[in-house]
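# Results of the structural survey
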Amino acid sequence: MDPIIILHAGVATGTVLLFATIGEIFAERAGVLNLGLEGMMLIGAMSAFAITVQTGNGGLGLLAAMLAAGILSLLHGLVTIHFQADQVVSGLALTFLGVGLSLVLGEGLSSAGAIALLPKYTVPVLSSIPLLGPILFTKQSVMVYIGYILIPLSWFYINHTRFGLHLRAVGENPTAADAMGLNIYRLRYTYVFVGGILAGLAGGTISLAISPGWFSELTTGGMGWIAIGLVIFAQWNPWRAAFGSYAFGALRRTILDIQGPQMIFGLRNPFFFNPYYGFFLQMLPFAFTIIVLIIGSRGALRKRLGAPAALGLPYIRGERGL
Amino acid sequence: MTSNEAEKQGSSRRFQLPFQIRVEPRLEVPRWLSPVVSLGAIITALLLGGLILAFVGGNPFQAYAHIAKAAFGNLGVLSDTLVKATPLILTGLACTVAFRMKLWNIGAEGQFYMGALGASIVVLTGLVPEDASRFVTVSVMLIAGVVFGAFWGFIPGWLKARLKVNEIITTLMLNYIAISLTNYFIFGVWSEGGFQMSHTFQRSAWLPRLADFAEQMPILRGLTTHFGLVFAIVAAVIVGYVLYRSIWGYEIRLIGDNPRAAEYAGINITRNTVLVMMFSGALAGLGGMSEIGGVVHRLQAAISPGYGFTGIIIAWLAKLNPIVVIPVAVLFGGLILAGREIQPAGIPRLIQGIILFMLIASDVLLRYRIRIVRRAERV
């Protein structure tokens, strides 16, 4: 129950959620809700692990993960953007498809043997910062650092570049964006693909760095759905997404650690003496997601700050829009 | 025109097809089209599934032949298929009711577990005495299952209605919570001798099976179909009546089709959101109760191989028609029953995913017609 260890591990686990959440933010900002995160992450985790076992090269594994999940996301794009199908149902179908496909292709992969993990680094100067250094910059996986870079980068891209403006326009008012001369369909495909790539990266991060290996469905264990909840909590903002992701990572670690010691805060630890109480601990991330959603929804209501206005709506050229 | 120019034109034309594909919006949809398109989507999905199966080294023909035989080959397996179809009808109905109002209840799985838990609680805590008649015991179990399921639907319904919390995610999260809660009771409270299950219920808590009547009718010997199927069919009729013959159903459909118009018409959306989620949860809970009372006869882990999720596909495939849910659920029951023995284990889920994808993708054919027009000859 060392808070430094919990936060250190929380940042590592949270990186998975961070990639998935930011990916989903991109897709939703463009107006496409993709509920298939869990399936895409699972495909990513499976491909990354399989390719790394085959080639011994983690970088190739990550590339495969991003590609596999990206292709899967394009399927969602095709069905929702061109065929104008319901985004909720299509996302669910993508989940079924991704989970089924990764179980089929990942058959027997759990006993495929050990792989070399992605490297861990300690940043020379930053790691000596008191408190923050040991948590953020000591012996963290390379993926964690990629996550640090992704947060400001995606925030800057969305809010302060011309492309980001186009992205937001497509999600808020596609009719106006179309009149501006933007290609709505192409932009939506692009950002759905970006979302898929990042979901694949999230999956690859699990199987190559955070909890290495392939444990069929348990590899992601519902993290894709938590990420979708986090997007709403984050109000489509990468900084808030980062906060939420790392907090959830720390929560997961706390749940593991709290069952270890016999005494806790000077009291007998009920979770140690009755291991079945652990089932209640297992509920916590999911219960917290609901709480976080309530907070997010209330905050959004109060600030009149909602989802991208065209989120979930297909865009049909030539029809009257919003 | 010089020969050079003619050649240039020829080369630019070389890549043009002799016909043109035009996509035009349909003004009206013929009645026969929808079932034909759905059937085409399923066949395409099965073909694609077969391709993937062949790709990973299986034999798709053998696999499908096996599924057909192991699911519908004789009276015995047909009866087992109906056993699998029973919870699927109920979860399919649960999704139908909610989806009709465009409420995305993805939580039928959790509500199913809660129904099973509720039915088990009344038996295992001795709330109904062990010597009570079967009618009393089963009735109390039914009420408990329905109430627990409805409560699990009430939570996301209330959150959605009062606090505008997205129901997709809350219902999903509640699935995980319901499964953990059930596991706590299985492992921590009612575990018998360290096994991951409660003790077997007394006989009065078992739903009657066809096999119970084998003395009078020998043909029924060994048939496992149980009374839950009757619950399921009655539920389908009730849901059909409510949705298409009652005022409440009219309100539900109006909200689903056009919430703004419904609001102007004075329909209380807040109240209906909560009620429909509870109705939906109650149906899934009934499914859990029927599974506990009719099949496993005790509370144990992993009672559902994803019935709640398959219910989503069933509802969609049945075009949200409660009566059509029944035959569709029987087909999926067969797929799940026979799929248990197919390797790799993910195949049934994969095929379900492809079917759902094909279904929603094929809807575009209902809205647009694709015409192949011969390119007009130009000189």
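One structure accompanies this document, and this report is about it. Since the structure is predicted, the reported quantities are computational estimates derived from the model, not experimental observations.

Each helix and strand counted, chain A has 13 helices and four strands in total. The C-alpha atoms of chain A give a radius of gyration of 20 Å, which matches the 20 Å a tight globule of 322 residues would have. In terms of principal-axis extent, the alpha carbons of chain A reach across some 65 × 50 × 45 Å. Per-residue burial for chain A yields a buried fraction of 50% across its 322 residues.

Moving on, we get to the overall build of chain B. Along the backbone of chain B there are 15 helices and two strands. Its C-alpha atoms give chain B principal-axis dimensions of about 105 × 55 × 40 Å. For chain B, with 379 residues in total, the buried portion stands at 48%. Taking the contacts inside chain B whose residues are at least 6 apart along the sequence as the reference set, 78% of them involve residues at least 24 apart.

The next point concerns the packing of helix α3 (residues 60-72) of chain B against helix α13 (residues 322-339) of chain B. Residues and elements named next belong to chain B. Running from amino to carboxyl end, α3 crosses α13 at an angle of 105 degrees, the nearest separation of the two axes being 8 Å. Overall, the two elements α3 and α13 adopt an arrangement that is roughly perpendicular. On α13, the residues that touch His 66, Ile 67, Ala 70, Ala 71 and Phe 72 of α3 are Gly 334, Leu 335, Leu 337, Ala 338 and Gly 339. Grouping the amino acids of the contact of α3 with α13 by side-chain chemistry returns seven nonpolar, three polar and no charged.

Nonpolar side chains tend to gather and get buried jointly when the protein is soluble and globular. Ala 20 of chain A together with Ile 89, Leu 93, Leu 283, Ile 314, Val 325 and Ala 329 of chain B are the most contacted members of the largest nonpolar core, which totals 210 residues. Per-element accounting of this core gives the leading share, 15 residues, to helix α9 (residues 184-210) of chain A. Look past the residues within four positions of Ile 89 of chain B in its chain and what remains in contact with it is Ala 232, Ala 236, Val 325, Ile 326 and Ala 329 of chain B.

Let us look at the interface of chain A and chain B. Counting from both sides, the interface comprises 39 residues of chain A and, opposite them, 37 residues of chain B. Among the secondary structure elements, those contributing two or more residues to the side of chain A that touches chain B are α4 (87-105), α10 (223-233) and α13 (278-302) of chain A. Split by residue class, the side of chain A that touches chain B holds 28 nonpolar, eight polar and three charged.

Bringing the environment of Leu 75 of chain B into the picture now. Residues and elements named next belong to chain B. Along the chain, Leu 75 falls in helix α4 (residues 75-100). The class of Leu 75 is exposed, set by 12 C-beta atoms lying within 10 Å. Separated by 147 residues in the primary sequence, Leu 75 and Gly 222 have C-alpha atoms spaced 9.9 Å apart.

Residue and element names in this part refer to chain A. As for its placement among the helices and strands, Val 192 is situated in helix α9. For the pair formed by Val 192 and Ile 81, sequence separation is 111 residues and the distance between their alpha carbons is 9.9 Å. Look past the residues within four positions of Val 192 in its chain and what remains in contact with it is Ala 27, Val 32, Asn 34, Ser 73, Leu 74, His 76 and Gly 77.

Time to look at the pairing of strand β1 (residues 19-25) of chain B. Residue and element names in this part refer to chain B. Counting buried positions along β1 gives zero out of seven residues, so the element sits mostly on the surface. Judged from the seven bridges that link them, β1 and strand β2 (residues 368-374) form a sheet pairing that is antiparallel. Of the residues in β2, the one forming a bridge with Pro 25 is Tyr 368.

As a further point, take the packing of α4 of chain B against helix α5 (residues 108-124) of chain B. Residue and element names in this part refer to chain B. Direction vectors running N to C along α4 and α5 enclose 125 degrees, while the axes themselves pass 10 Å from each other. Classified by the angle their axes make, α4 and α5 are oblique. Along this stretch, α4 crosses α5, giving a crossing that reads as right-handed. Facing α4, whose interface residues are Pro 87, Thr 91, Ala 94 and Cys 95, α5 presents Ala 108, Gln 111 and Phe 112. A breakdown of the residues in the contact of α4 with α5 according to their chemical character gives five nonpolar, two polar and no charged.

Conventions used here
Residues numbered from 1 in each chain as written. Chains lettered and ligands numbered in written order. Predicted model: local features only at pLDDT ≥ 70, side-chain atom pairs only at ≥ 80, totals over all residues. Helix = DSSP H or I, 4+ residues; strand = E, 2+ residues; numbered from the N terminus. Rg over C-alpha atoms; globule rule 2.2 N^0.38 Å. Buried ≥ 20, exposed ≤ 12 C-beta atoms within 10 Å, placed from the backbone. Contact = placed C-beta atoms within 7 Å. Axes fitted to C-alpha atoms, helices over the stretch in contact; angles between N-to-C directions. Parallel < 35°, antiparallel > 145°, perpendicular 65-115°, else oblique. Nonpolar A, V, L, I, M, F, W, Y, C, P; charged D, E, K, R; others polar. Core = buried A, V, L, I, M, F, W, Y, C linked by C-beta atoms within 7 Å. Pairing = 2+ DSSP bridges. Left-handed = near helix turned anticlockwise from the far one by under 90°.

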